[in-house]
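# Examination of the molecular architecture
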Amino acid sequence: MSLGFAIVLFAIGVLLVVLEVFLPSFGVLTVGAIVCFAFSIWGVYDPARPAGAIAMAIVAPVASIAILYFGLKYIPRTSWGRGLVLRPPSDEGAPEPPAASETAALTPEGGTAEKELSRLVGSEGVAQSELRPAGVALVQGRRVDVVSEGALVDAGARIKVIAVQGNRVVVRRVQV
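Residues numbered from 1 in each chain as written. Predicted model: local features only at pLDDT ≥ 70, side-chain atom pairs only at ≥ 80, totals over all residues. Heavy atoms only, no water.

Within the chain, the secondary structure is distributed over 5 helices and 5 strands. Shown N-terminal to C-terminal, the secondary structure of the chain runs as helices and strands in the order α-α-α-α-α-β-β-β-β-β. Expressed as a percentage of its 176 residues, the buried residues of the chain come to 27%. Partitioning the contacts of the chain with sequence separation of at least 6, the portion at a separation of at least 24 is 42%. (Helix = DSSP H or I, 4+ residues; strand = E, 2+ residues; numbered from the N terminus. Buried < 20%, exposed > 50% of the residue type's maximum accessible area, 1.4 Å probe, protein only. Contact = heavy atoms within 4.5 Å.)

It is at 9 Å that the axes of helix α1 (residues 3–22) and helix α3 (residues 51–74) come closest, and there the two elements cross at 25°. Viewed along their axes, α1 and α3 adopt a mutual orientation that is roughly parallel. By crossing handedness, the relation of α1 to α3 is classed as right-handed. Residue-level contacts link Phe10, Val14, Val17, Val18 and Val21 of α1 to Met56, Val59, Ala60, Ser64, Ile67, Leu68, Gly71 and Leu72 of α3. Residues belonging to the contact of α1 with α3 are distributed by class as follows: 11 nonpolar, 2 polar and no charged. (Axes fitted to C-alpha atoms, helices over the stretch in contact; angles between N-to-C directions. Parallel < 35°, antiparallel > 145°, perpendicular 65-115°, else oblique. Left-handed = near helix turned anticlockwise from the far one by under 90°. Nonpolar A, V, L, I, M, F, W, Y, C, P; charged D, E, K, R; others polar.)

Taking 1.5 Å of rise per residue, 24 residues should cover 34 Å, and α3 covers 34 Å from first to last C-alpha, within 8% of that figure. Every buried residue of α3 is listed here: Ala53, Met56, Ala60, Ser64 and Gly71. Summarising the contacts, the buried residues of α3 are in contact with α1 and α2 (28–44). (Expected span 1.5 Å × (residues − 1).)

With that out of the way, let us pick up the sheet that holds strand β3 (residues 142–148). Around the barrel, which closes on itself, the 5 strands sit in the order β1-β2-β3-β5-β4 with mixed pairing between neighbours. Adjacent strand axes in the sheet meet at a mean angle of 55°, parallel and antiparallel pairs treated alike. For strand β4 (residues 158–165) and strand β5 (residues 168–173), the ladder comprises 6 bridges, and the chain directions are antiparallel. Within the sheet, the bridge partner assigned to Ile159 lies in β5 and is Arg173. (Pairing = 2+ DSSP bridges.)

As a further point, take unusual backbone geometry. A cis amide bond links Arg132 to the next residue, Pro133, at an omega of -15°. Considering the arrangement of structural elements, one finds Pro133 in the loop between β1 (124–127) and β2 (134–139). The phi dihedral of Phe26 falls on the positive side, at around 55°, and the residue is not glycine. Tracing the sequence through the fold places Phe26 in the loop between α1 and α2. Residue Gln140 is not a glycine yet carries a positive backbone phi of 55°. Mapping Gln140 onto the fold places it in the loop between β2 and β3. Given a relative accessible area of 45%, Gln140 falls into the partly exposed group.

Glancing now at the pattern of salt bridges. If you walk through the whole model with that rule in mind, you get 4 salt bridges. The salt bridge involving Arg158 is made with Glu124; its shortest N-O contact spans 2.3 Å. A residue pair is termed long-range when its members are at least 10 positions apart, and Arg158 in strand β4 and Glu124 in strand β1 qualify at 34 residues. Exposure remark for Arg158: the relative accessible area of 39% places this residue in the partly exposed category. Residue class for Glu124 comes out partly exposed when judged on its relative accessible area of 38%. (Salt bridge = Lys/Arg side-chain N within 4 Å of Asp/Glu carboxyl O.)

In structure tokens:
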């Protein structure tokens, strides 16, 4: 194999490593890169002068690791890379978390105080979010996680608690 062809295989291996950073191939591109590197080292090997093959055998993994490291470290910082990588939500400008529901207070044993929820049966309230079918409603001045009977209920609609099953509060839209 000629030196030129071995260098082309090496370059293809480097290209496959770069593509691995951008394309989710689950290791297929990495295996292809390893094969290209192996064939390029084999193509350069000469028993009389093994220095070229040894140098390529050292350069290939070092170059691959360096490309992957810097690619994964610096690409998410670019404007293009921000579109590829999810970042954790920032705390700036985030709305304040809602207050814990007094009706679903944690008990010392764990879980929710279901006795408190059963007192809501028959009470009316207002849906604070769309119920599709789950959402949040304001019942007796408290925020409660509720589930509608199955129909979509718009935010702001009047609702009535019809059942409590464990810690599941079932509501129905009140026709005005």
